[in-house]
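Geometric and topological summary
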Amino acid sequence: MKTMIKVATILGLGAALAISASAEEVTPMVKEAAKLDVKKVCDVKANGLKKVLAVAEKYNPEAVKLGVEFKRLGITNSVYIKGLKKAIAKKEKKVTLHYKAKGKKKQKTFPVDYATWRACTFAVRSLQQVDEAQKTWRLAVPGDGYKF
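Criteria and thresholds
- Residues numbered from 1 in each chain as written.
- Predicted model: local features only at pLDDT ≥ 70, side-chain atom pairs only at ≥ 80, totals over all residues.
- Heavy atoms only, no water.
- pLDDT = per-residue confidence, 0-100.
- Helix = DSSP H or I, 4+ residues; strand = E, 2+ residues; numbered from the N terminus.
- Pairing = 2+ DSSP bridges.
- Expected span 1.5 Å × (residues − 1).
- Bend = angle between axes of the 7 residues up to and from the residue.
- Buried < 20%, exposed > 50% of the residue type's maximum accessible area, 1.4 Å probe, protein only.
- Contact = heavy atoms within 4.5 Å.
- Phe/Tyr/Trp six-rings, centres within 6.5 Å; stacked < 30°, edge-to-face > 60°.
- Core = buried A, V, L, I, M, F, W, Y, C linked by side-chain atoms within 4.5 Å.

A word on the confidence of the model for the protein
- For the protein, per-residue confidence averages 84 on the pLDDT scale, and 79% of positions sit at 70 or higher.
- Within the protein, helix H1 (residues 2-23) has the poorest average pLDDT of any element, 55, and helix H3 (residues 38-41) the best, 95.

Things to note about the pairing of strand E4 (residues 104-111)
- Both strand E3 (residues 94-101) and E4 contribute to a ladder of eight bridges, which runs antiparallel. When the sheet's bridge partners are listed, His98 is paired in E4 with Gln107.
- Counted between consecutive antiparallel strands, the loop separating E3 from E4 contains two residues, among which Lys102 sits at a positive phi close to 55 degrees.

Overview of helix H5 (residues 49-66)
- The terminal C-alpha atoms of H5 lie 26 Å apart, and with 18 residues this matches the ideal 26 Å at 1.5 Å per residue to within 8%.
- Along H5, the sharpest change in direction is near 30 degrees and occurs at Tyr59; proline Pro61 comes one to four residues later.
- Looking at H5, one finds that the buried residues are Val52, Leu53, Val55, Ala56, Tyr59, Asn60, Glu62, Ala63 and Leu66.
- As for H5, its buried residues are in contact with helix H2 (28-34), H3, helix H4 (44-47), helix H6 (77-90) and helix H7 (112-136).
- A positive backbone phi angle near 80 degrees is found at Gly67, which sits one or two residues after H5.

Structural notes on the packing of aromatic side chains
- The full count for this structure, using the stated rule, is five aromatic pairs.
- Ring geometry for Phe110 against Tyr114: centres 5.9 Å apart, planes inclined by 40 degrees, an arrangement best described as tilted.
- For Phe110, a relative accessible area of 8% translates into the label buried.
- One aromatic cluster in this structure is built from Phe70, Tyr80, Phe110, Tyr114, Trp117 and Phe122.

Observations concerning the nonpolar core
- Ranked by internal contacts, the top residues of the largest apolar core, which has 32 residues, are Tyr59, Tyr80, Leu84, Val95, Phe110, Cys120 and Leu127.
- Sorting the residues of this core by element identifies H2, H5, H6, E3 and H7 as the ones contributing at least two each.
- Among the elements that line this core, the one with the most residues is H7, at nine residues.
- Sequence-distant contacts of Tyr59, that is, excluding residues within four places in its chain, are made with Met29, Glu32, Ala33, Leu36, Ala123, Val124 and Leu127.

And the structure:
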């Protein structure tokens with residue numbers, strides 16, 4: 001019986017430590033991204049393709065590391081960034097992105113301006129949502145601070 005109690009205590013302590021370690025994911029990069037205005041930073045007409053793509057390249061690795069990288073239409077943000085680098089280097093007007101969905105190889109074509117805006121927005125917003133979740137998670141707890 002004592003062995004069972006010890007095992008349960010150790011497992012409970014381990015789970016509590018794991019949860020507390022994963023809850024503390026607000027890194028300096030997340031705090032920096034939380035202060036950005038996505039509309040201004042990711043405006044391709046005002047900032048240019050290379051500058052907007054640089055913003056996406058800066059913030060997306062942190063999103064990948066935290067496991068919150070955006071994926072839309074089966075295409076991860078990393079695929080957008082890789083395809084855009086090639087398209088901008090070749091000075092193309094459209095970018096063709098190759099990806100796998102349900103085991104099949106597929107491709108989609110987007111205008112370079114749109115794909116660049118999308119990659120930047122996805123990179124920054126994913127980190128902003130991490131920051132928002134850390135600040136507002138208590139709102140999702142039923143009965144915590146609310147009077148019914």
